[in-house]
Amino acid sequence: MSRNEQNELSEQRSYWRRPGSRADDDGYFDGEPLPREIVPRHWLPEGDVHRGRRMSRSMDSTRYLRGPQVVLVRDDMRRTTWCATAEHGRLMLHEYQRPRVSGAPRTTEVFGQGPVWRYNIALNKYTGEVVPTCVVRANGAASLWHDGRRVDTAAERPDFPHFHYEQVPVGRIPEGEPSYGILTYKCRATGRVFARRTEGGEVGPEQVVCEAPTVGGMSVAVYKNDVLGRVDLLRKGRVVPATVVSTDGGRSFGAPQEMDLAGPLSEGFRVRPGYQRPIVDKGGAMHLPVALQSGSDALVVNVVPGADLVVEAIRVPGELRKGALEVFPSTLGSGTTFGNGVSDGHGLIMAMATEDGRLYSSNSSAGGSHFPEAQLLNHEMPLVGDFSASECYSSGLKANVVSMDYMFTEVNAVGRPISGEVFIETWDMPLPEPKARARVEGERIEVEVLNDADLEPGKVVFGFDDPTLGITGVEVRDLRHATIRTDRKDDVRGRTLTFDVLTLFHRHYGEAVIE
């Protein structure tokens, strides 16, 4: 029997279905089988052309990347990316060292108690430890495991594990252990969604947070005492996104509250399942990405509950495969503003994969509630299937650039997976160049940064385009203002002043002609 005949029989038996064909039940997240390699041996694989690193050749399903579970994390403190793959039922952890995912990874088996069905990893930013949470299916039964220990639960068939720490957001240095964590999962037999608070490695009592029919489980964002959970309710055959909120650190939760998406729904869009993971930006605000589909367009919006906003992030023609939202540490910025189109606000990157294998991203560096009208599409990427993205980070090698690590499978031109290979690659995205004003006042040069950078004390270096012009003193008064003193007595108007800000989290470079 030829390979083509095998594929035809497989499709007739419905082993493969287009994403979304089972959008009204949990089976949507069970993914589709990944075939044996079908690329001719004498052809150069797309991943090799684009220098993507092959993490695994033997992932057996797309379900590990289909939902909001975290399988890829970035440790800014140690310039390390961690990602996890399921290979032959084992959970493998891969460590890629700085400044980007290059070189041979250090790989370890972190869980060997049985065949892993679905998993999630969480990074303790203080210690650098990566904690796995997973569901094991063996002999017709399912069990829940967290940090290497089995968790007793009333869930008859636990699934959709998710775990997230309460700790400092992106761009901040942790000063101690996470204060607590939130563990969630769902019972596939009864449909109930559970949540538990963890402290010091101990898993607390179980509580039911949602009994209404849902597609998938619950993912969470955690900051201080606030926990924002995202569930997809199933109402009359349609997916209705809702939030489940706790204001006491996960000790209790309110009833699910439906999100108001009247705008996109009035345009004929319908919510796609995914209950995309909510995130906490660098200022502590929470954001909820929601993916929608109309007859012709795919759309991902950003819901900002605290500001009562729904912001369109990406809208492109075609079928949607997956959407996600990640954060980057643009600058220190303000903890209360979202940006107005010219200020930094809270940096966000929205990513969306379409059925034809294209990956789009939208950079909101102009503010957490403002996305540019133009979407950024990297035409040099391979055809991307299901994916997971890390938080954004700066390698420090090039100014005004943010990087993201993507873990993904490849598909062909009609959206079919081509193999069980999993790749990881670092893709760079440009940030707006900082703008500043420099004016001569007597013997001083007064500098004011207008947008897209902060003059962080001890982290900024000033210079001039004229190498004969020296600096005798610098006073950084606040994040946007500084005074420069020079050794020149003549007029320095018309010279170019430069500033380079380099921190653990970002690098910004700007210039200003002295007035």
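Throughout, a residue's number is its position along its own chain's written sequence, starting from 1. Side-chain atom pairs in this predicted model are given and counted only at pLDDT of 80 or more, local residue features only at pLDDT of at least 70, and totals for whole chains, interfaces and linings cover all residues. The basis for every side-chain value is the complete set of non-hydrogen atoms in the structure, without hydrogens or water.

Once that is clear, we can look at unusual backbone geometry. Both trends apply: most residues other than glycine have a negative phi, and most peptide bonds are in trans. Phi at D147 takes a positive value of approximately 55°, unusual for a residue other than glycine. Strands are runs of DSSP state E lasting at least two residues, helices are runs of H or I lasting at least four, and both sets are numbered from the N terminus onward. Inspection of the secondary structure puts D147 in the loop between β8 (141-146) and β9 (149-151). Here D147 falls in the partly exposed class, since its relative accessible area comes to 33%. Positive phi, normally seen in glycine, also occurs at D308, with a value near 55°. Among the secondary structure elements, D308 is positioned in the loop between β22 (297-304) and β23 (309-317). Remark: exposure states derive from per-residue accessible area (1.4 Å probe, protein chains only) relative to the maximum for the residue type, with buried under 20%, exposed over 50%, and partly exposed in between.

With that settled, the discussion passes to the environment of R437. Within the secondary structure, R437 sits in strand β31 (residues 435-441). Judged by its relative accessible area of 28%, R437 is partly exposed. On a C-alpha basis, the gap between R437 and A512 in space is 5.7 Å, while along the polypeptide they are 75 residues apart. We call two residues in contact whenever any of their non-hydrogen atoms come within 4.5 Å of each other. Not counting residues within four places of it along the chain, the set of residues in contact with R437 comprises E446, V447, E448, L450, A512 and E515.

It is worth spelling out the packing of aromatic side chains at this point. Between rings of Phe, Tyr and Trp, where Trp is taken as its six-membered ring, a pair exists when centres lie within 6.5 Å; planes separated by under 30 degrees are stacked, by over 60 edge-to-face, and by other angles tilted. Tallied over the full model, the rule gives eleven aromatic pairs. Taking the centre distance of 4.9 Å and the plane angle of 80° together, the rings of F163 and Y165 count as edge-to-face. Y165 shares its class with F163; the two are buried. Measuring from centroid to centroid gives 4.9 Å for Y406 and W427, while their planes differ by 45°, and the two rings are tilted. Here W427 lies in strand β30 (residues 422-430) and Y406 lies in strand β29 (residues 401-410), a separation of 21 residues in the sequence. Aromatic ring contacts, followed pair by pair, group F387, Y406, F408, F423 and W427 into a single cluster. Whether a charge lies above a ring is judged from NZ of Lys or CZ of Arg, which has to be within 6 Å of the ring centre and within 35 degrees of the ring normal. Over the ring of W117 we find R63, and its NZ or CZ is 3.6 Å from the ring centre.

What follows concerns empty space enclosed by the protein. Space inside and on the surface of the protein is sampled on a 1 Å grid over the protein atoms alone, with a cavity defined as a set of points where a 1.4 Å probe fits but cannot get out and a pocket as an open set with protein on both sides within 12 Å along at least 5 of 7 lines; lining residues have an atom within 4 Å of a point. Grid points are joined across faces, edges and corners, and a volume is the space filled by probe spheres set on the points. Under the defined criterion, the tally for this structure stands at six cavities of 30 Å³ or more. When its volume is computed, the largest cavity comes out at roughly 410 Å³. Elements with a minimum of two residues in the lining of the largest cavity: β2 (72-75), β6 (116-123), β10 (158-166), β15 (219-223), β20 (279-280) and β24 (320-327). Broken down by class, the residue content of the lining of the largest cavity amounts to 19 nonpolar, three polar and five charged. For the second largest cavity, the calculated volume is near 240 Å³. Along the wall of the second largest cavity there are 24 residues; nearest its centre are G67, P68, K322, G323 and A324. When contributions to the lining of the second largest cavity are tallied by element, the ones reaching two or more residues are β24 and β28 (384-389). Tallying contributions element by element places β24 first for the lining of the second largest cavity, with seven residues. Each residue is assigned to one of three groups, with Ala, Val, Leu, Ile, Met, Phe, Trp, Tyr, Cys and Pro labelled nonpolar, Asp, Glu, Lys and Arg labelled charged, and all others, Gly among them, labelled polar.

Right, let's get into the sheet that holds strand β7 (residues 130-138). Whenever strands of a sheet pair, they do so through backbone hydrogen bonds, lying parallel or antiparallel. Any two strands between which DSSP finds at least two bridges are classified as paired. Taken together, the four strands give an open sheet; going across it, the order is β6-β7-β8-β9, and neighbouring strands pair in antiparallel fashion. On the outer flanks of this sheet lie β6 and β9, each paired with one strand and no other. Geometrically, the sheet is characterised by an average inter-axis angle of 25° between neighbouring strands, direction not taken into account. Sheet analysis places β7 next to β8, joined by six bridges and oriented antiparallel. Pairing of R137 across the sheet is with A142, part of β8. With axes taken as lines fitted to C-alpha atoms, and helix axes fitted only over the stretch in contact, angles between N-to-C directions fall between 0 and 180 degrees.

Before going further, it helps to examine the pairing of strand β35 (residues 481-486). Summarising the sheet, strand β32 (residues 444-451) and β35 pair through five bridges and their orientation is antiparallel. Within β35, the position partnered with R444 by the bridge is R485. Pairing of strand β34 (residues 471-478) with β35 involves six bridges; the strand directions are antiparallel. Paired with E475 across the strands is T483, a residue of β35.

This part covers the pattern of salt bridges. Any Lys or Arg side-chain nitrogen located within 4 Å of an Asp or Glu carboxyl oxygen qualifies as a salt bridge. Following the criterion strictly, the structure yields 35 salt bridges and no others. Across the pair R57 and E421 runs a salt bridge, and its minimum N-O distance is 3.1 Å. Here the residue R57 occupies a position in the loop between β1 (53-56) and α3 (63-66), and E421 occupies one in the loop between β29 and β30, the gap between them amounting to 364 residues. The class for R57 is exposed, based on a relative accessible area of 53%. Classification of E421 as buried rests on a relative accessible area of 8%. Here E319 makes a salt bridge to R272, at a shortest N to O gap of 3.9 Å. Taken together, the residues E319 in the loop between β23 and β24 and R272 in the loop between β19 (270-271) and β20 connect sequence positions 47 residues apart. The class for E319 is partly exposed, based on a relative accessible area of 35%. Using a relative accessible area of 9% as the deciding quantity, one classes R272 as buried. Each of D26, D30, R118, R137, D159, K186 and R188 takes part in one network of salt bridges that share partners.

The definition of a nonpolar core used throughout is a set of buried Ala, Val, Leu, Ile, Met, Phe, Trp, Tyr and Cys residues joined through side-chain atoms within 4.5 Å. Judged by nonpolar contacts, the single largest core of 28 residues is most densely connected at M55, C83, F111, Y119, I121, C134 and M407. When residues no more than four places from it in sequence are discounted, the contact partners of M55 are C83, T85, E87, H94, Y96, M407, V422, F423 and I424. In this structure, M259, F269, V280 and L292 belong to the second largest nonpolar core, which totals 21 residues.

Once that is clear, we can look at the sheet that holds strand β16 (residues 226-235). The strand order β15-β16-β17-β18 describes an open sheet built from four strands, whose pairing is antiparallel. Each edge of the open sheet is held by one strand with a lone partner, namely β15 and β18 (257-258). Here strand β17 (residues 238-246) pairs with β18 via two bridges, running antiparallel. Bridge pairing in β18 places A242 opposite E258.

Turning next to the environment of R444. Residue placement: R444 occurs in strand β32. Accessibility expressed as a relative area gives 29% for R444, which makes it partly exposed. Sequence-wise, R444 and T486 are 42 residues apart; in three dimensions their C-alpha atoms are separated by 7.3 Å. Think of a polar contact as two N or O atoms within 3.5 Å of one another; within protein, one of them needs to be a possible hydrogen donor and the other a possible acceptor, and neighboring residues in sequence only count if both atoms come from side chains. Here E446 takes part through its side chain, which lies 3.0 Å from a polar atom of the side chain of R444.

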